[in-house]
Amino acid sequence: MRVHVVSDVHGRSDALPGAATGADAFICLGDLILFIDYRDHGRGIMGDLFGAEAVGRMISLRTEQRFDEAREWSRKLWGSLDGDRADIVEAAVRRQYAAMFAAFPTPTYLTYGNVDRPDLYPDFLRDGLHLLDGQTVEIGGRTFGFVGGGLRTPMNTPFEIDDDAYAAKVAAVGAVDVLCCHIPPHVPELVYDTVAQRFERGSEAVLEAIHATRPQYVLFGHVHQPLVAELEIGTTRCVNVGHFNARGTPYVLEW
């Protein structure tokens, strides 16, 4: 059995067909939307609307963790446009989702990232695309559990949820062979981004589940440039499957 796993696609619908080549099943761990491109400031929803220079200013403020100033800068940018911000963003997200979901192979098993819009997913699902959150599925004789979304942060991305709600989804999954999440377990080496130079939020609930249920693998993304991409906690192998937007290649799981 060969399963290809991606996360943090951020608009790279063009690379999905190639990433699925040779796979018996395909898994996506979320963050489909490209809102801001930290490498090419002219790309993404913000880049398309405001240009590379304006987006670069926002990225600098965020990188320096000057989040209040970044939000004020964002408000000024949005205030310069005619029309309702929510409508403009939703239209752009729908365009990205239409391309993304059309590019997914079958079968694909997917969950949400912290920058996704779960309310819009049902409009784009089709036969062979399986959306899972706090749920399990059997793939090739192994049980896979899925937990989507992220935890609350100063970034205030679209699908951040409270710790208790996230922990409840982890508990609902229970004991599995492979636990698939968008965010990593709360381990310093796994949550530190070496380029952004900050600790992202990992999940204590996932870490507790590793100790309690000992899955063979925990697969995740979220941290684009992790200090450590893989490590073992007891008998569990924890793997950041990679920033697909930058790499364009999947993590391959075989048995």
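This is a predicted model, so every value here is computed, not measured. (Residues numbered from 1 in each chain as written. Predicted model: local features only at pLDDT ≥ 70, side-chain atom pairs only at ≥ 80, totals over all residues. Heavy atoms only, no water.)

Student: Explain the pattern of salt bridges here, please?
Tutor: Any two side chains of opposite charge can pair, given that their charged atoms come close. All chains considered together, the criterion is met by 17 salt bridges. As a salt-bridge pair, R66 and E64 come within 2.3 Å of each other at their nearest N and O atoms. Accessibility expressed as a relative area gives 30% for R66, which makes it partly exposed. We note a salt bridge from R66 to E69, for which the minimum N-O separation is 2.7 Å. (Salt bridge = Lys/Arg side-chain N within 4 Å of Asp/Glu carboxyl O. Buried < 20%, exposed > 50% of the residue type's maximum accessible area, 1.4 Å probe, protein only.)

Student: Just checking my understanding: could you explain the sheet that holds strand β14 (residues 236-240) for this structure?
Tutor: Sheet strands associate in pairs through backbone hydrogen bonding, adopting either a parallel or an antiparallel arrangement. Read from one edge to the other, the open sheet built from 6 strands follows the order β5-β6-β9-β12-β14-β13, with strand pairing classed as mixed. Edge positions in the open sheet fall to β5 (135-139) and β13 (230-233), since each of these has one partner strand only. Ignoring which end each strand starts from, the neighbouring axes of this sheet average 20° apart. As paired elements, strand β9 (residues 178-181) and strand β12 (residues 217-220) share 3 bridges and run parallel to each other. Note on β12: the bridge partner recorded for C180 is L219. (Pairing = 2+ DSSP bridges. Helix = DSSP H or I, 4+ residues; strand = E, 2+ residues; numbered from the N terminus. Axes fitted to C-alpha atoms, helices over the stretch in contact; angles between N-to-C directions.)

Student: Teacher, can you tell me more about the UniProt feature "domain: Calcineurin-like phosphoesterase" (unreviewed entry) in the chain here?
Tutor: As annotated by UniProt and renumbered to match this structure, "domain: Calcineurin-like phosphoesterase" (unreviewed entry) occupies residues 1-226. For the annotated span residues 1-226, helix accounts for 36% and strand for 19% of the residues, and the straight-line distance between the end C-alpha atoms is 28 Å. (UniProt positions renumbered as here; feature names shortened; annotations may be inferred.)

Student: Teacher, can you tell me more about the environment of C181 here?
Tutor: Topologically, C181 is positioned in strand β9. Taking the relative accessible area as the measure of exposure, C181 reaches 0% and is therefore buried. With 114 residues separating them in the primary sequence, C181 and F67 have C-alpha atoms 26 Å apart. C181 has contacts with L29, V147, Y166, V206, L219, F220 and G221, leaving out every residue within four places of it along the chain. (Contact = heavy atoms within 4.5 Å.)

Student: What exactly am I supposed to notice about helix α3 (residues 52-63) here?
Tutor: For α3, with 12 residues, the first-to-last C-alpha span of 16 Å sits near the 16 Å given by 1.5 Å per residue. Of all the residues in α3, the buried ones are A54, V55, G56, M58, I59, L61 and R62. Its buried side turned inward, α3 meets α2 (44-50), α4 (67-79) and β11 (198-199). Once α3 finishes, Q65 follows within two positions and takes phi at roughly 60°, a positive value. (Expected span 1.5 Å × (residues − 1).)

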